[in-house]
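Breakdown of the fold
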Amino acid sequence: MQTLADWDGGPGPWILFFPLIWAAVVLGAVTFLRRTGLRGRGGPWRPLDGGRPAGDSPLAVLGRRFAAGEIDEEEYWRRLSVLEEHFGRIGKGGAA
């Protein structure tokens, strides 16, 4: 019985390297996608604002009032602690 790797005039033993080539291509694609940062970001559906509060969210309103000077730092931290108690712990970038 003749096989492709042992066949006279056929492709020869290098045909056995095709699975290795495909494995290298897949591994390279996975490595590339991991290095470009697609892992852990929620994919292409994540908002581009980095999780910052937008619009009329309580954190955004509080931040705008503090930035505009309507409230002082003590009032800002007091209200922020109330929001943390009510809405849960606030992570990096202001995201809940």
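All of these numbers come straight from a predicted model, not from anything done at the bench. (Residues numbered from 1 in each chain as written. Predicted model: local features only at pLDDT ≥ 70, side-chain atom pairs only at ≥ 80, totals over all residues. Heavy atoms only, no water.)

Axis angle and axis distance: for two packed helices, these are the angle between their axes and the distance between the axes, and together they describe the pair. Closest axis-to-axis distance for the helix H2 (residues 58-68)/helix H3 (residues 73-87) pair is 10 Å, and the angle between their directions is 175 degrees. With respect to each other, H2 and H3 are oriented roughly antiparallel. The segment H2 lies against H3, with Pro 58, Leu 59, Leu 62, Gly 63, Arg 65 and Phe 66 engaging Glu 73, Tyr 76, Arg 79, Leu 80, Leu 83 and Phe 87. When the residues that make up the contact of H2 with H3 are grouped by side-chain class, the tally is eight nonpolar, one polar and three charged. (Axes fitted to C-alpha atoms, helices over the stretch in contact; angles between N-to-C directions. Helix = DSSP H or I, 4+ residues; strand = E, 2+ residues; numbered from the N terminus. Parallel < 35°, antiparallel > 145°, perpendicular 65-115°, else oblique. Contact = heavy atoms within 4.5 Å. Nonpolar A, V, L, I, M, F, W, Y, C, P; charged D, E, K, R; others polar.)

Let us now look at the nonpolar core. Ranked by size, the top nonpolar core spans five residues in total: Leu 62, Ile 71, Tyr 76, Leu 80 and Leu 83. Looking at this core element by element, the count peaks at three residues for H3. Once residues lying within four places of it in the same chain are set aside, the contact partners of Tyr 76 are Leu 62, Gly 63, Phe 66 and Ile 71. (Core = buried A, V, L, I, M, F, W, Y, C linked by side-chain atoms within 4.5 Å. Buried < 20%, exposed > 50% of the residue type's maximum accessible area, 1.4 Å probe, protein only.)

Let us now look at the packing of aromatic side chains. Applying the stated criterion across every chain yields a total of two aromatic pairs. With centroids separated by 5.2 Å and ring planes inclined at 75 degrees, the aromatic side chains of Tyr 76 and Trp 77 adopt a geometry described as edge-to-face. For Tyr 76, a relative accessible area of 18% puts it in the buried group. Ring-pair connections join several aromatic residues into one group, and the members of that group are Phe 66, Tyr 76 and Trp 77. (Phe/Tyr/Trp six-rings, centres within 6.5 Å; stacked < 30°, edge-to-face > 60°.)

The next subject is the UniProt feature "domain: SHOCT" (unreviewed entry) in the protein. Feature annotation in UniProt assigns "domain: SHOCT" (unreviewed entry) to the following positions: residues 58-83. With 85% helix and 0% strand, residues 58-83 has its two end C-alpha atoms placed 8 Å apart. (UniProt positions renumbered as here; feature names shortened; annotations may be inferred.)

Further remarks concern the pattern of salt bridges. Throughout the structure, instances matching the rule amount to three salt bridges. Across the pair Glu 75 and Arg 79 runs a salt bridge, and its minimum N-O distance is 2.4 Å. Remark: Arg 79 and Glu 75 occur in helix H3; sequence separation between them is four residues, near one turn of the helix. Judged by relative accessible area, Arg 79 falls into the partly exposed class, the value being 32%. Ionic contacts of the salt-bridge type, sharing partners, join the residues Glu 75, Arg 78 and Arg 79 into one network. (Salt bridge = Lys/Arg side-chain N within 4 Å of Asp/Glu carboxyl O.)

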